[in-house]
Amino acid sequence: MNEPPPWVIDWETEVQSRISRHDCTETMDFGIDHSFVARTAERGQIVRQLQRAEAGSAHLVVIEALAGMGKSALLRRALADCGRPALSIVLDESDREEPGSAGVPALWNPETAQRGEAHELLEAAAARLEELGAGAVVVIENFHWVDDLSAQVLWRLLREPQHRLGALVVTTRPCARPDLSGFARHAQTGSCGAFIDLPPLNADQSRELLAELAGVPVGAEAAGAVHAATDGIPAHVVSIGAWLSQCPPGAGRSIENAVAHHQAALARAGHPFHQAISSMVRGLDPHARSLLTLLATAGQPLSAQQMAEVVEHPVELTVLTEAGVSEWDAASFGYRIRYRSVAVVLQALIPPEERAQWHQRVAALLGSSAGVTHRATALRLEPDESGRRRLVAEALAVARDLLTAGRPGESAEHLVSVLPLDTGSEVVVLLLRSVAHGADVRALLEAEPAIRALPPGALRSGGLALLRMRSGEPWAAMGELAQVVDLAAEENDAIQLFARAVAQAGVVSVTGSVPSRWSAVLARTTEALDVYLDGAEGTAGEVRGLRGLIATWRVLATPRPLVDPIEAIGDIADQLAQTPSAESAYLGIRAVRGARLHQVGACQSAYYELEASSQGLPGQDRLGAFGRSRFALSLFDAGLWDEAAAVAAQAAEGGLERGECDQALISYAVDALVRAARGQESAHRILDRLWEAPGSEGSPASRVYIDYARAWAAITAEDHARAIDALLRTNESDLGLACLGIMPLTLLARELASIGRPEVIASIITTLQDDSVPALEAPRRYAIAHARGLSRSDPQERLDLLFDALDWLDHKSPPRTTLSIAEGGGFRMQRALLALDIAGLVSNQRFAEHRTTGIGLAVWAATVFQRCGARVLEQRAGDLATSLREDAPTLASMVGPRSASAPATDPALRHKLSQLSGRERQVTLLIGEGKSNPEIAEDLYISVRTVEKHIAKIFKKLEVSSRREAKRLLRGAVAEPR
């Protein structure tokens, strides 16, 4: 068999090859392995046309979209799905002016093309198709660059069936060439055609793709910023996601920086998208180019009248639609550039000497207020001192009026627009004042050098500290704030800005120790706020909220037993409960209190504090992320893993929005906890990357949570050595107790007992008995009893202590009153592990009198692990239950003496019992013990309604109508069916 010519591609092999060598930073239609390829409907259209290609008439598929939409990726995957080879042709701009070049060498040779005779090219193409046989497929990428002669020949191949063309599949950008419009019409209207207009990704698809690439959850705000910057063009979303995936977690990695990096790359001439738009613009007439340049410069919709006023001649609206990059915006009654990425490139294509003129024209069109940014840009490009002074003075006046009117955000916008022209203290100070009154901290990003040039004081340090917090550097922020030693002479705006920075930086104290100088900063700030509150009627609520947060940080920074702060923090929250404009601070303080309550084992109180803060605080708020992470941990401990996963994802979603500080790393670790415990490999990759992140070494708290997630992953896999290693690191300092409480110590005791090292548990018991370690009585007594039981060598003594531990856990209230099952309270996972320990001991030591209890505990634990998704532990619990049942007395002996009327070996009865499922046998056993439906529900960790359904099925299979009949029938069973 002859080898196929080199231009015939086996797309199944090609797809796998491209996936294996994929590098999204170097290609145009990035990575066919990404989710934007999965356009199911479009792929189906292509595959159906190719499958029909052998039926006779030639089929045409036109895939039209802007550069970067994934045309080539979609085509390659569809061809791979179909499993058909194809003649592949990829055109570029040089082919447009070279007659016959489109078919070289796939359809005809260069010599034939040079002669330029259409009939010769047609004959050569027909001969090549004859070699391939019926149904040959020709693929042409970048069809918009096809030369006129090749287009003519391809049209005849398509329309004349004797040439044996099976299918012509082309990818193209929007194009107004008349000779190509026939292909599009034929694909749209012909019975043998398919026209696929690829839209950009929607917001949800952009978010999904971004999260897949970044490797961490992405919040709606961050995804929205990316979607707005990329307009959903897949290649650009991939570009931003690739930057995030290559940048290690920590300070500096944010959506803001990723978008800035992407837009800077678009403006460079060597970027593929830049080249694509540049070649498109070169093909337009001068009138169309000027209109697109105007719209790109304006950055907002313009009416035809406005455009005519600027370009000084009538506007031909049809030229705006030819390139496919502009559209009519009905809301503003004007035209605009459809894609922001296109606008970025169009602006970069403006010759430098013309840019100032375009901005001057737009500024004149929009007026003094709306055109201030364009006026400032023009003055920056073509300096004019008198014009600069005039514009800065106008901007300052407008900004002052806006700030006085309570519109700090708009005030900051005006000041930022003239910042490149004047970085003097007047502009910068007013900008800082605007931020003090609520403007977004992002307004300060361009002003950092000017802020550093200010004299030392509260404004300078407060502004720089907010910037450090924005970039995820809380320790640097604390250092800036500590430089201010006297606030007495500062103005109120400066004090408010400084206090805002102190309140943000203090979040660090909820997850670890703080610098020794921090207490003095908190004290000075509190004193200054007390003075400020006397004259701050308009913003008293916000200032009181800041003061409440700072008072909370003072409580945490004061050395004392860790249980004491709970009451003090509660008092601070109560003082703010009814204060207007202080809700955010109030909820943040409740999050801190809830975390402390969870730490000491007050699960129900912790649940309601953490739930309230999680629902009320925005996702990008650091305290909101902290509260959600701790809420997720409490849900995890309570065995509510699905809810824990959802809350943890919400906490992690804000990381890229607020700057990846240590709290972001903690949120990511908690988000990975459930997945790691369920054995998902992706979670281990995330945890490894977090551990290696530059910021994690300086954030011991984040490493505590990373190790805790690793520990649970090992526990649920019953990998005792790996679990011990992670738990030792978790508990090697007081930080582990401060972050997670005492429960990791009991986990460590279990793992040590599992490898036969009970003698090491003595030191754990000593720690648990230390009153300075934070814990309420019931969880402390449980932990001590569990650890003591695991350390005992005498089986009976061990069992007694483990039952004591079970009693202490069962004194705990459920984390929320809507839960009907109270076993273990908020420590259901601890109880499930304890149940395994008891059931295992009963099984190994043949404690016959406790077998029924052991079976119940094992079955209950299996149900808990099944619902959580811990498959290895579920199997372990199920095996224990089976083992105990096999060794246990028969089902008949458990429910009472056998009826004399029932034969010892009744085949009919045995048959009925054999029809029961595993769960139905469990329910039957508990019915025989005389338990009610609610008691059975609690034993099996299912609802009463589910118990009722099982009983109905049992009665039907046993052919009885009541519990009494069922018990009477069961007394005739000799052994439990299997």
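Residues numbered from 1 in each chain as written. Predicted model: local features only at pLDDT ≥ 70, side-chain atom pairs only at ≥ 80, totals over all residues. Heavy atoms only, no water.

Caption draft 1: Spatial organisation of the overall build of the protein chain. When you go through the protein chain residue by residue, the secondary structure sums to 51 helices and eight strands. Projected onto the principal axes, the alpha-carbon positions of the protein chain cover approximately 105 × 90 × 50 Å. Looking at the protein chain as a whole, 56% of its 978 residues qualify as buried. Contacts in the protein chain between residues far apart in sequence, at least 24 positions, make up 69% of those at least 6 positions apart. Surface exposure of the protein chain reaches about 40,000 Å², of which carbon and sulfur atoms provide 49%. Separation of charge centres in the protein chain, based on 98 positive and 121 negative side chains, amounts to 6 Å. (Helix = DSSP H or I, 4+ residues; strand = E, 2+ residues; numbered from the N terminus. Buried < 20%, exposed > 50% of the residue type's maximum accessible area, 1.4 Å probe, protein only. Contact = heavy atoms within 4.5 Å. Areas by Shrake-Rupley, 256 points an atom, 1.4 Å probe, with all protein chains shown as cover. Lys, Arg positive; Asp, Glu negative; His and termini not counted. Charge placed at Lys NZ, Arg CZ, Asp CG, Glu CD.)

Caption draft 2: Layout of the packing of helix 9 (residues 220-230) against helix 11 (residues 255-266). The interhelical angle for the contact between helix 9 and helix 11, taken along N-to-C directions, is 10°, at an axis separation of 10 Å. The angle between helix 9 and helix 11 places the two elements in the roughly parallel class. Facing helix 9, whose interface residues are Ala 222, Ala 225, Val 226, Ala 229 and Thr 230, helix 11 presents Ile 255, Val 259, His 262 and Gln 263. Residue composition of the contact of helix 9 with helix 11, grouped by class: six nonpolar, three polar and no charged. (Axes fitted to C-alpha atoms, helices over the stretch in contact; angles between N-to-C directions. Parallel < 35°, antiparallel > 145°, perpendicular 65-115°, else oblique. Nonpolar A, V, L, I, M, F, W, Y, C, P; charged D, E, K, R; others polar.)

Caption draft 3: A look at empty space enclosed by the protein. For the coordinates displayed, the defined rule picks out four cavities of 30 Å³ or more. Volume-wise, the largest cavity comes out at about 120 Å³. Elements with a minimum of two residues in the lining of the largest cavity: helix 29 (583-600), helix 31 (622-637) and helix 39 (743-754). Here the element with the most residues in the lining of the largest cavity is helix 29; it accounts for three residues. Partitioning the lining of the largest cavity into residue classes produces 10 nonpolar, four polar and one charged. In this structure, the second largest cavity encloses a volume near 60 Å³. The wall of the second largest cavity is formed by Met 469, Pro 474, Gln 504, Val 507, Val 508, Val 510, Thr 511, Arg 622, Cys 661, Asp 662, Gln 663 and Ile 666. Of the residues forming the lining of the second largest cavity, the biggest block, three residues, is contributed by helix 34 (residues 662-677). Across the lining of the second largest cavity, the residue classes break down as seven nonpolar, three polar and two charged. (1 Å grid on protein atoms, 1.4 Å probe; cavity = no way out; pocket = protein on both sides within 12 Å on 5 of 7 lines; lining within 4 Å. Points joined across faces, edges and corners; volume = space filled by probe spheres on them.)

Caption draft 4: Examining the pairing of strand 6 (residues 193-197) more closely. Of all five residues that make up strand 6, four are buried, and the element is covered over most of its length. The pairing of strand 2 (residues 59-64) with strand 6 spans five bridges and is classified as parallel. Across the sheet, the residue bridging to Glu 64 is Asp 197, located in strand 6. (Pairing = 2+ DSSP bridges.)

Caption draft 5: Representation of the pairing of strand 3 (residues 86-90) within the structure. Judged by how many residues are buried, strand 3 sits mostly within the fold: four of five residues are covered. Where strand 3 lies against strand 4 (residues 136-141), four bridges are found, and the strand directions are parallel. Within strand 4, the position partnered with Ser 88 by the bridge is Val 139.

Caption draft 6: Region of interest: the environment of Glu 643. Its location among the elements puts Glu 643 in helix 32 (residues 641-653). Taking the relative accessible area as the measure of exposure, Glu 643 reaches 33% and is therefore partly exposed. Aside from chain neighbours lying at most four places away, what touches Glu 643 is Leu 635 and Arg 816.

Caption draft 7: Structural view of the packing of helix 14 (residues 304-311) against helix 17 (residues 352-366). Between helix 14 and helix 17, the least distance of the axes is 10 Å, while the angle of their chain directions is 135°. Classified by the angle between their axes, helix 14 and helix 17 sit oblique to one another. Judged by the sense of rotation from one axis to the other, the crossing of helix 14 with helix 17 is right-handed. Along the contact surface, helix 14 presents Gln 306, Glu 309 and Val 310, while helix 17 presents Trp 358, Arg 361 and Leu 365. (Left-handed = near helix turned anticlockwise from the far one by under 90°.)

Caption draft 8: Structural context of the environment of Gly 479. Structurally, Gly 479 is set in helix 24 (residues 474-482). For the pair Gly 479 and Pro 217, spaced 262 residues apart in sequence, the C-alpha separation works out to 31 Å.

Caption draft 9: Summary view of the confidence of the model for the protein chain. Overall, the prediction assigns the protein chain a mean pLDDT of 84, with 90% of residues at 70 or greater. Predicted confidence is poor over residues 1-35, with pLDDT under 50, and the contacts of this stretch with residues over four places away or in other chains come to 71 contacts. Residue range residues 889-905 is modelled with pLDDT below 50. Its contacts to residues more than four positions away, or to other chains, number 33 contacts. (pLDDT = per-residue confidence, 0-100.)

Caption draft 10: Structural view of helix 18 (residues 372-381). Val 372, His 374, Ala 376, Thr 377, Ala 378 and Leu 379 are the residues of helix 18 that are buried. Buried-residue contacts for helix 18 involve helix 13 (286-298), helix 17, helix 19 (385-404) and helix 20 (408-418).

Caption draft 11: Inspection of the packing of aromatic side chains at higher detail. For the structure shown, the criterion picks out nine aromatic pairs. Both rings, one in Tyr 607 and one in Phe 631, keep their centres 5.2 Å apart while their planes meet at 70°; by these two values the pair is edge-to-face. In this pair, Tyr 607 sits in helix 30 (residues 603-616) while Phe 631 sits in helix 31, placing the two residues 24 residues apart along the sequence. The ring of Trp 691 has Arg 703 sitting right over it, with the charged end atom 4.0 Å from the ring centre. The ring of Trp 691 is capped by Arg 729, whose NZ or CZ atom sits 5.4 Å from the centre of that ring. (Phe/Tyr/Trp six-rings, centres within 6.5 Å; stacked < 30°, edge-to-face > 60°. Lys NZ or Arg CZ within 6 Å of the ring centre and 35° of its normal.)

Caption draft 12: Quick look at the nonpolar core. Of all hydrophobic cores here, the largest spans 127 residues; its most connected members are Leu 244, Trp 712, Ile 838 and Phe 865. With 11 residues, the single largest contributor to this core is helix 36 (residues 700-716). Discounting residues that sit within four places of it in the chain, Leu 244 has contacts with Leu 210, Ala 214, Arg 253, Ser 254, Ile 255, Ala 258, Leu 656 and Arg 689. Core analysis: the second largest hydrophobic core is formed by 83 residues, Ala 458, Leu 467, Leu 529 and Val 592 among them. (Core = buried A, V, L, I, M, F, W, Y, C linked by side-chain atoms within 4.5 Å.)

Caption draft 13: Structural detail: helix 44 (residues 851-868). Along its 18 residues, helix 44 runs 25 Å from first to last C-alpha, staying within 8% of the 26 Å computed at 1.5 Å per residue. In terms of residue burial, helix 44 counts as a mostly covered element, since 13 of its 18 residues are buried. Of the residues trailing helix 44, Gly 869 is marked for its positive phi of about 95°. (Expected span 1.5 Å × (residues − 1).)

Caption draft 14: Highlighting unusual backbone geometry. Going from Val 104 to Pro 105, the amide bond is cis rather than trans, its omega being -5°. Tracing the chain through its elements places Pro 105 in the loop between strand 3 and helix 4 (110-115). Despite not being glycine, Asp 231 shows a phi value in the positive range, around 55°. Position of Asp 231 relative to the elements: it lies in the loop between helix 9 and helix 10 (234-246). Residue Asp 231 is classed as buried on the basis of its relative accessible area of 18%. Residue Glu 959 is not a glycine yet carries a positive backbone phi of 60°. You can see Glu 959 is positioned in the loop between helix 50 (944-958) and helix 51 (963-970).

Caption draft 15: Focus on the side chain of Asp 95. Mapped onto the secondary structure, Asp 95 falls in the loop between strand 3 and helix 4. One buried charged residue, Asp 95, remains without a salt bridge, the closest side chain of opposite sign being Arg 177 at 10 Å. A distance of 2.9 Å separates a polar atom in the side chain of Asp 95 from the backbone nitrogen of Asp 92. Dropping the residues within four chain positions of it, Asp 95 is found in contact with Val 90, Ser 101, Trp 145 and Asp 147. (Salt bridge = Lys/Arg side-chain N within 4 Å of Asp/Glu carboxyl O. Polar contact = N/O pair within 3.5 Å; in protein donor to acceptor, adjacent residues only side chain to side chain.)

Caption draft 16: Just the pattern of salt bridges, in detail. Scanning the entire structure with this criterion turns up 48 salt bridges. With a closest N to O distance of 3.2 Å, Asp 148 and Arg 96 form a salt bridge. Taken together, the residues span a long stretch of sequence, with Asp 148 in helix 6 (residues 148-159) and Arg 96 in the loop between strand 3 and helix 4 at a distance of 52 residues. Of the charged contacts, one joins Lys 912 and Glu 959 as a salt bridge, the two residues approaching to 3.4 Å between their closest N and O atoms. Here Lys 912 is found in helix 47 (residues 907-914), whereas its partner Glu 959 is found in the loop between helix 50 and helix 51, with 47 residues between them in sequence. In this structure Glu 959 comes out as exposed when scored by relative accessible area, which is 61%. Taken together, the shared-partner salt bridges connect Glu 448, Arg 452, Arg 468, Glu 473 and Glu 480 into one network.

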